[in-house]
Amino acid sequence: PKDVYPEALWQEAAAYFGNLSDSNMVLPGGRYSCAQVLMQRGLSFLTGRSLGEVSHIVQLAISQKKLLGYLNGTVVPYARSQSMVKDKRAEFQ
């Protein structure tokens, strides 16, 4: 997927996901469901974005930006994800 979003969006997203409390860090596992929850949180960096755009942002945050990852079927900040553990192991092989 192509990243068509401004760098400022990614900087704000990185700050948000990097500072989530334990109670807010677990998001639904599907991109669409995750996007719905993020939109309900009224985040400034998503203001004016459609659900489709936010789903795309979630996809990019997982696949390219490494801001989000998966843990036990849920989406969490990358630093807390199983995805990070797998990437780190791959680096050492």
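Everything numeric here is computed off the predicted structure, so don't read it as measured data.

The next subject is the nonpolar core. Trp-10, Phe-17, Leu-38 and Val-58 are the most contacted members of the largest nonpolar core, which totals 24 residues. Looking at this core, the elements that each hand over two or more residues are α1 (7-18), α2 (31-40) and α3 (51-63). Sequence-distant contacts of Trp-10, defined by excluding residues within four places in its chain, comprise Asp-3, Tyr-5, Ile-57, Leu-60, Ala-61, Lys-65 and Leu-67.

What follows deals with the pattern of salt bridges. Per the stated rule, a full pass over the model turns up 3 salt bridges. Residue Asp-3 pairs with Lys-65 through a salt bridge whose shortest N-O separation is 3.0 Å. Remark: Lys-65 occurs in the loop between α3 and β1 (68-71) and Asp-3 occurs in the segment before α1; sequence separation between them is 62 residues. Owing to a relative accessible area of 25%, Asp-3 belongs among the partly exposed residues under this scheme. What makes Lys-65 partly exposed here is its relative accessible area of 30%.

Per the stated rule, a full pass over the model turns up 1 cavity of 30 Å³ or more. Of the volumes computed, that of the largest cavity is approximately 40 Å³. Lining the largest cavity, in full, are Ala-13, Phe-17, Leu-38, Phe-45, Ile-57, Val-58, Ala-61 and Leu-68. Of all the elements in the fold, those that place two or more residues in the lining of the largest cavity are α1 and α3. Here the element with the most residues in the lining of the largest cavity is α3; it accounts for 3 residues. Partitioned by chemical class, the residues of the lining of the largest cavity number 8 nonpolar, no polar and no charged.

Along the polypeptide, Ser-55 turns up in helix α3. With residues near it in sequence (within four places) discarded, Ser-55 still touches Arg-31, Tyr-32 and Ala-35.

All right, on to unusual backbone geometry then. Of note in the backbone geometry, Lys-66 takes a positive phi value of approximately 55 degrees without being a glycine. Assignment of secondary structure puts Lys-66 in the loop between α3 and β1. One non-glycine residue, Asn-72, lies in positive phi territory at about 50 degrees. The exposure class assigned to Asn-72 is exposed, which follows from its relative accessible area of 75%.

Moving on: α1. Compared with the 16 Å implied by 1.5 Å per residue over 12 residues, the 16 Å span of α1 between its first and last C-alpha is a close match. Those residues of α1 not exposed but buried are Leu-9, Trp-10, Ala-13, Tyr-16 and Phe-17. The buried residues of α1 occupy one face: seen down the axis, they fall within an arc of 125 degrees. Away from the buried face of α1 by more than 90 degrees, exposed residues Gln-11 and Gly-18 are located. Buried residues in α1 make contact with α2, α3, β1 and β2 (74-77).

About the cut-offs
Each residue is numbered by its place in its chain's sequence as written, counting from 1. Since the coordinates come from a predicted model, pLDDT governs what is reported: local features require at least 70, and pairs of side-chain atoms require 80 or more to be given and counted, while whole-chain, interface and lining totals use all residues. In computing side-chain values, all of the structure's heavy atoms are included and hydrogens and water are not. In plain words, nonpolar cores are sets of buried Ala, Val, Leu, Ile, Met, Phe, Trp, Tyr and Cys residues tied together by side-chain atoms within 4.5 Å. Burial classes: relative accessible area under 20% of the type maximum marks a residue as buried, over 50% as exposed, and values in between as partly exposed (1.4 Å probe, protein chains only). Numbering of helices and strands runs from the N terminus; a helix is a DSSP stretch of H or I covering at least four residues, while a strand is a stretch of E covering at least two. Contact criterion: two residues are considered in contact whenever any of their non-hydrogen atoms come within 4.5 Å of each other. Here, a salt bridge means any Lys or Arg side-chain nitrogen found within 4 Å of an Asp or Glu carboxyl oxygen. Only protein atoms enter the 1 Å grid used here, on which a cavity is any set of points holding a 1.4 Å probe that cannot leave and a pocket is any open set flanked by protein within 12 Å on both sides along at least five of seven lines; residues with an atom within 4 Å of a point are listed as lining. Grid points are joined across faces, edges and corners, and a volume is the space filled by probe spheres set on the points. Gly counts as polar in this scheme, as do all residues outside two lists: the nonpolar Ala, Val, Leu, Ile, Met, Phe, Trp, Tyr, Cys and Pro, and the charged Asp, Glu, Lys and Arg. Helices are assigned an expected span. That span is 1.5 Å times one less than the residue count. Relevant arc is that of directions from the helix axis to the C-beta atoms, nothing else.

Interpretation note: all reported values are geometric properties and have no functional meaning in isolation.
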